[in-house]
Amino acid sequence: DAGVTQSPTHLIKTRGQQVTLRCSPISGHKSVSWYQQVLGQGPQFIFQYYEKEERGRGNFPDRFSARQFPNYSSELNVNALLLGDSALYLCASSPGRDQETQYFGPGTRLLVL
Amino acid sequence: AQTVTQSQPEMSVQEAETVTLSCTYDTSESDYYLFWYKQPPSRQMILVIRQEAYKQQNATENRFSVNFQKAAKSFSLKISDSQLGDAAMYFCAEGGSNAWGGSEKLVFGKGTKLTVNP
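Residues numbered from 1 in each chain as written. Chains lettered and ligands numbered in written order. Predicted model: local features only at pLDDT ≥ 70, side-chain atom pairs only at ≥ 80, totals over all residues. Heavy atoms only, no water.

J.: How do you make sense of the interface of chain A and chain B when you look at a structure like this?
T.: Listed by partner, the interface residues are 29 residues for chain A and 23 residues for chain B. Contact with chain B buries area across many residues of chain A, yet A:E100, A:T101 and A:F104 alone supply 28% of it, more than any other trio. Summed over the shared surface of chain A and chain B, the result is 0 salt bridges. Joining chain A to chain B, the criterion identifies 7 residue pairs in polar contact (both at pLDDT 80 or more). Within the residue set of the side of chain A that touches chain B, elements represented by two or more residues are strand 4 (31-37), strand 5 (44-50), strand 9 (87-94) and strand 10 (103-104) of chain A. Taken together, the residues of the side of chain A that touches chain B sort by class into 9 nonpolar, 15 polar and 5 charged. (Contact = heavy atoms within 4.5 Å. Buried area = accessible area lost by both parts, 1.4 Å probe. Salt bridge = Lys/Arg side-chain N within 4 Å of Asp/Glu carboxyl O. Polar contact = N/O pair within 3.5 Å; in protein donor to acceptor, adjacent residues only side chain to side chain. Helix = DSSP H or I, 4+ residues; strand = E, 2+ residues; numbered from the N terminus. Nonpolar A, V, L, I, M, F, W, Y, C, P; charged D, E, K, R; others polar.)

J.: I tried to follow the sheet that holds strand 7 (residues 64-68) of chain A on my own but got confused; where do I start?
T.: Residue and element names in this part refer to chain A. On the basis of which strands lie adjacent, the open sheet formed by 4 strands has the order 1-3-8-7 and antiparallel pairing. Looking at strand neighbours, the two that pair on one side only are strand 1 (5-7) and strand 7, the edges of this open sheet. On average, each strand axis in the sheet is tilted by 15° relative to the strand beside it, whichever way the strands run. Bridging between strand 3 (residues 19-24) and strand 8 (residues 74-78) involves 5 bridges; their strand directions are antiparallel. (Pairing = 2+ DSSP bridges. Axes fitted to C-alpha atoms, helices over the stretch in contact; angles between N-to-C directions.)

J.: Honestly, the side chain of B:Q51 in this entry has me stumped. Any pointers?
T.: With respect to the helices, strands and loops of the structure, B:Q51 is situated in strand 6 (residues 46-52). In this view, B:Q51 contacts B:Y32, B:Y33, B:L34, B:Q57, B:N58, B:A59, B:V66, B:F68 and B:F75; residues no more than four positions away in its chain are not counted.

J.: Just checking my understanding: could you explain the pairing of strand 5 of chain A for this structure?
T.: Remember that side chains alternate between the two faces of the sheet whenever the strand is regular. Residues and elements named next belong to chain A. Most of strand 5 is tucked away: 6 of the 7 residues are buried. In this sheet, strand 5 lies alongside strand 4 in antiparallel orientation, the contact comprising 6 bridges. Along strand 5, the bridge assignment pairs Q36 with Q44. Remark: 6 residues form the turn of the hairpin made by strand 4 and strand 5, two consecutive strands paired antiparallel; G40 in that turn has positive phi of roughly 85°. Examined bridge by bridge, strand 5 and strand 6 (residues 53-57) share 4 bridges and lie antiparallel to one another. Bridge pairing links Y49 to E54 in strand 6. (Buried < 20%, exposed > 50% of the residue type's maximum accessible area, 1.4 Å probe, protein only.)

J.: Can you walk me through a nonpolar patch on the surface in this structure?
T.: Residues and elements named next belong to chain A. A grouping of I12, L111 and L113 is seen on the molecular surface, where their side chains present a nonpolar patch of about 300 Å² in accessible area. Relative to the helices and strands, L113 resides in the segment after strand 11 (108-112). Note on L113: relative accessible area 52%, which makes it exposed. (Patch = residues over 30% accessible without salt bridge, like charges linked within 9 Å, V, L, I, M, F, W, Y side chains within 5 Å. Areas by Shrake-Rupley, 256 points an atom, 1.4 Å probe, with all protein chains shown as cover.)

So, in structure tokens, the structure goes:
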């Protein structure tokens, strides 16, 4: 079975632009979570979705938004990009109810110039 | 607030030897889970091992085992017979169960960089 997939793998943007990152969960997984990993740090939680509803939000500004589609794939949007948004963005999926392990995708490397 | 602390920024081990990575955590949750993830230079975060807090028995996965001390809120990872492919960043993480039955957000430590010397 295919693992969690993310696109694109790399992205370069300039300050003020907007970006959309995409994630497809493992088949059968209904929960998707997004994390930001700045170089040299552990991942920080951004959002969690389950059954297309937002179930959790981390301490990130409103410039960050996300959604989950009926096929359980997800998009993360970041508006008005800042230099500090440069990071590896990780998507993780889990089966959902009574299944706590999250499985991660390869990430999208975002560089803001 | 949940916190996870990894006090060893870097560790090194000789091939075939044993190494232990430390992790402490703080949570107010009564039902939670602990994880070790490995992140090689390829960036993919790979699950190494997980431990349910309600289980007293320490989890093992082949050469990987944990020492879970619930009262001390300690969760160390032991890697036996270290291999060159074990070289990576290792992250300790803690997460609970949501009211809706799914997995709670994960809180990660800052990681430990493991070097395996031939």
